[in-house]
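# Structural overview for review
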Amino acid sequence: VLKANIAGQAIVAGVKAVAGAVKNIGEAAIQSYGEYEQLVGGVETLFKSSADTVMQYAANAYQTAGMSANEYMTTVTAFSASLLQSMGGDTDAAAEKANLAITDMSDNANKMGSSMESIQNAYSGFAKQNYTMLDNLKLSYGGTKEEMQRLLDDANALNAAQGNYTNYTIDSYADIVDAIHTVQTEMGITGTTAKEAASTIQGSVSAAKSAWSNLITGIAADNADLDTLIGNFVSSVETAAGNIIPRVSVMLGGISQLVTSASTTIIP
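Quick notes on the rules
- Residues numbered from 1 in each chain as written.
- Predicted model: local features only at pLDDT ≥ 70, side-chain atom pairs only at ≥ 80, totals over all residues.
- Heavy atoms only, no water.
- Helix = DSSP H or I, 4+ residues; strand = E, 2+ residues; numbered from the N terminus.
- Rg over C-alpha atoms; globule rule 2.2 N^0.38 Å.
- Buried < 20%, exposed > 50% of the residue type's maximum accessible area, 1.4 Å probe, protein only.
- Areas by Shrake-Rupley, 256 points an atom, 1.4 Å probe, with all protein chains shown as cover.
- Lys, Arg positive; Asp, Glu negative; His and termini not counted.
- Charge placed at Lys NZ, Arg CZ, Asp CG, Glu CD.
- pLDDT = per-residue confidence, 0-100.
- Phe/Tyr/Trp six-rings, centres within 6.5 Å; stacked < 30°, edge-to-face > 60°.

### A closer look at the overall build of the protein
Scanning the protein for helices and strands turns up ten helices and zero strands. Reading the protein from its N end, one meets helices and strands in the order α-α-α-α-α-α-α-α-α-α. Since a compact globule built from 268 residues should have a radius of gyration of about 18 Å, the 24 Å found for the protein marks it as more spread out than a globular shape. Along the three orthogonal principal directions, the C-alpha set of the protein runs to about 85 × 60 × 30 Å. The buried share of the protein, taken over its 268 residues, is 37%. Of the roughly 14,400 Å² that the protein leaves accessible, carbon and sulfur atoms contribute 57%. Looking at the protein, you have 13 positive and 26 negative side-chain charges, and the mean spots of the two groups are 12 Å apart.

### Comments concerning the confidence of the model for the protein
On average, residues of the protein score 88 in pLDDT, and 90% of them reach the 70 mark or higher. Taken element by element, the predicted model of the protein shows its lowest mean pLDDT in helix 1 (residues 2-47) (73) and its highest in helix 6 (residues 145-161) (97).

### Let's talk about the packing of aromatic side chains
The final tally for this structure, using the stated rule, is five aromatic pairs. Relative to tyrosine 131, the ring of phenylalanine 126 has its centre 6.4 Å away and its plane inclined at 25°; by these criteria the two rings are stacked. Grouping residues by exposure puts phenylalanine 126 and tyrosine 131 together as buried.

Written as structure tokens, this is what we have:
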């Protein structure tokens, strides 16, 4: 009887735990999808016929920028009005340029150690001709209009040295995005997010978290490709595990050596 009661209690506890987990996931899915709906509306308003391109970049951002789709869209809508204006309303070109900017933001955060929020604020400021946060990028340029002009001039010179003659001007937000990309490429910053997503613990774990966020959003969506979302999450977890497990093995060896050494040196 005692065994039966214990078993029954265990079953009830297990059912409650599963029910609680389902409830939590359900609430998270509804909230995340609600945000997704609002963000998609903003992207469609800004990019019109090119919205699908932005959405595709957003779906892949867990690998390329270490962001969930919602985070990507939140970032892109913060500065795209100025970007579109500087590109004469060319939504296709603006979608590509916006993705370049967001990838550069993420690369900068990963390589230079700045917070993503401070970098996003800097780019949003540039869209309003406010250059006081240029030094947030840690590219050796101060937060003034003159320093932004110096960055643009340096980018033009770097391109000219490779036979690619550009004339980036401070009046064009698109030119500012391109100039920052040129300077960051010269400094070896470009591409670090995608590389870290595949080869480092922090980068791969960030990608897995973002893939999980996309999956949670997709649970509440009518037309979500759940097979792809699940596959993305599983693949990113496998990548993260591949980076973590070797470190655990090395760590255990180090602990063993520490214990052995401690028994003969530290403890006495």
